[in-house]
Amino acid sequence: MATLRRNLLVAAGILLDSSGRVLLVANDWSGRGRVRYTLPGGTVEPGETTLEAVVREVREETGLRIKRLVHLAYALHVEDPRRGERTVALAFRAEWSGLLNPHDPDGHVVEARFFDLEQVRERLEDHFPLLEPLVGYLEGSVPGRFYAYPGWNARGDGV
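Heads up: these notes are all about the structure in this document. Given the structure is predicted, the values throughout are model-derived calculations rather than measurements.

**So, the sheet that holds strand 2 (residues 22-27)**
And then number 1: With antiparallel pairing, the 3 strands of this open sheet are ordered in space as 3-2-7. Each having just a single partner strand, strand 3 (36-38) and strand 7 (109-115) make up the two edges of the open sheet. The mean angle between the axes of side-by-side strands here comes to 25°, regardless of whether they run parallel or antiparallel.
And then number 2: The pairing of strand 2 with strand 7 spans 6 bridges and is classified as antiparallel. From the neighbouring strand, Asn27 faces strand 7, where its bridge partner is Val109.
And then number 3: Helix 2 (residues 117-124) rests against strand 2, strand 3 and strand 7 of the sheet, and its axis sits at about 145° to strand 7.

So, in structure tokens, the structure goes:
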């Protein structure tokens, strides 16, 4: 069994517009035009709470301000021995204000836009740990579910 090199704690926001569309950001982490869509969010920094992180990350990646965190929508755990990583991510439903105007200090976000459920499925179709919990939540799943995955491209189990 591979030794884990990194443990990541991630906080993300689920922001809906007045039409019920969800906000996704397009990330180009490699700088080579290879884009992956995610919820706005990122790694919790040392000395920062998870709630502080989601507020900060949403502001940086979208320009929007979190007015209120409504509830924990879901949590997920990805154990990826191929990468030597364990990621625990918490997604919070949030009320927001402002205009989309990303100022990502890392320079990874290339787009922030609201998508309907079918568009979300298209953009996340190959990334089950991003797709399954979000679609389940948007389709009316009870908040607070937990999902576990053996890798970023694998199907998982919801509890």
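**Some points on helix 3 (residues 128-138)**
And then number 1: Buried residues dominate helix 3, accounting for 8 of its 11 residues.
And then number 2: Against the buried residues of helix 3 lie strand 1 (6-14), strand 2, strand 5 (65-80), strand 6 (85-97), helix 2 and strand 8 (145-149).

**Details of the nonpolar core**
Considering soluble globular proteins, one finds that nonpolar side chains tend to be buried as a cluster.
And then number 1: Counting residues in each nonpolar core, the largest one holds 25 residues, and the members touching the most others are Ile14, Leu24, Leu39, Tyr74, Leu76, Val120 and Leu134.
And then number 2: Mapped onto this core, the elements with two or more residues apiece are strand 1, strand 2, strand 5, strand 6, helix 2, helix 3 and strand 8.
And then number 3: Here the element with the most residues in this core is helix 3; it accounts for 5 residues.
And then number 4: Tyr74 has contacts with Ile14, Leu39, Ala89, Leu90, Ala91, Pro133, Leu134, Tyr137, Gly144, Arg145 and Tyr147, leaving out every residue within four places of it along the chain.
And then number 5: Residues Ala11, Leu90, Ala94 and Val109 belong to the second largest nonpolar core, which totals 17 residues.

Reading guide: rules and limits
- Residues numbered from 1 in each chain as written.
- Predicted model: local features only at pLDDT ≥ 70, side-chain atom pairs only at ≥ 80, totals over all residues.
- Heavy atoms only, no water.
- Pairing = 2+ DSSP bridges.
- Helix = DSSP H or I, 4+ residues; strand = E, 2+ residues; numbered from the N terminus.
- Axes fitted to C-alpha atoms, helices over the stretch in contact; angles between N-to-C directions.
- Contact = heavy atoms within 4.5 Å.
- Buried < 20%, exposed > 50% of the residue type's maximum accessible area, 1.4 Å probe, protein only.
- Core = buried A, V, L, I, M, F, W, Y, C linked by side-chain atoms within 4.5 Å.

The quantities given are spatial measurements derived from coordinates; they are silent on function.
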